[in-house]
Amino acid sequence: MTNRIDPPRAGRRNRRDTLDERTCQMICPIAAAMVGVCLTGIGLLHVTITFRARQTIADDLLSIDALIFLIATLSSYFALRVQGVRRLHWLERIADATFISAMLLLTAACFLITYSLNQ
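What you are looking at is a predicted structure, and each value in this text was computed from that prediction instead of being measured.

With that settled, the discussion passes to the state of the cysteines. For the coordinates displayed, the defined rule picks out 0 disulfides. Free of any disulfide, Cys38 has its nearest cysteine sulfur in Cys110, 8.5 Å distant. Cys38 sits in the buried class, given a relative accessible area of 0%.

We now examine the packing of aromatic side chains. Following the criterion strictly, the structure yields 2 aromatic pairs and no others. Seen in terms of ring centroids, Phe69 and Phe99 are 5.9 Å apart; in terms of plane orientation they differ by 70 degrees. Their pairing is edge-to-face. Residue Phe69 is located in helix α2 (residues 58-81), and its partner Phe99 is located in helix α3 (residues 85-117); the two are separated by 30 residues in the primary sequence. Neither residue differs from the other here; Phe69 and Phe99 are each classed as buried. Between Tyr77 and Phe78, the ring centres sit 5.4 Å apart and the planes meet at 65 degrees, which makes this aromatic pair edge-to-face. For Tyr77, a relative accessible area of 38% translates into the label partly exposed. The exposure class assigned to Phe78 is partly exposed, which follows from its relative accessible area of 44%.

As a further point, take α2. In this model, α2 (24 residues) spans 35 Å end to end at C-alpha, consistent with the 34 Å of a helix rising 1.5 Å per residue. Buried residues of α2: Ala58, Asp59, Leu61, Leu62, Asp65, Ala66, Phe69, Ala72, Thr73, Ser75, Ser76 and Ala79, and no others.

Right, let's get into the environment of Ala95. Looking at the element boundaries, Ala95 is found in helix α3. Overall, Ala95 belongs to the buried group, its relative accessible area being 0%. C-alpha separation for the pair Ala95 and Ser75, spaced 20 residues apart in sequence, amounts to 5.4 Å. Aside from chain neighbours lying at most four places away, what touches Ala95 is Ile27, Ala72, Ser75 and Ser76.

Calculation rules
Residues numbered from 1 in each chain as written. Predicted model: local features only at pLDDT ≥ 70, side-chain atom pairs only at ≥ 80, totals over all residues. Heavy atoms only, no water. Disulfide = S-S within 2.5 Å. Buried < 20%, exposed > 50% of the residue type's maximum accessible area, 1.4 Å probe, protein only. Phe/Tyr/Trp six-rings, centres within 6.5 Å; stacked < 30°, edge-to-face > 60°. Helix = DSSP H or I, 4+ residues; strand = E, 2+ residues; numbered from the N terminus. Expected span 1.5 Å × (residues − 1). Contact = heavy atoms within 4.5 Å.

Structure follows, in structure tokens:
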């Protein structure tokens, strides 16, 4: 008896690995760009706070958000670099979860900034 890989299963597995790789390829540059967006928001918020003399926690939220986007960037980058499929899936799940969490936090920070600047 020889060990043979079933061709339909092998094709399905390769498509799944490719799909995971494409997801990581999308998350990596977008999350890295979002770190820059958070830093720009922090800078603009500090300028606005200086002129209005009003404090807000939005810059703290944006700082935390930049770190979460950095985790998403690094996990998606390392997912592209690893050889094992199991590690690829694990890192891809981390990249997905942190990216979605960071986007939600960014949205909350935007609402907070809008609310605090309109008062």
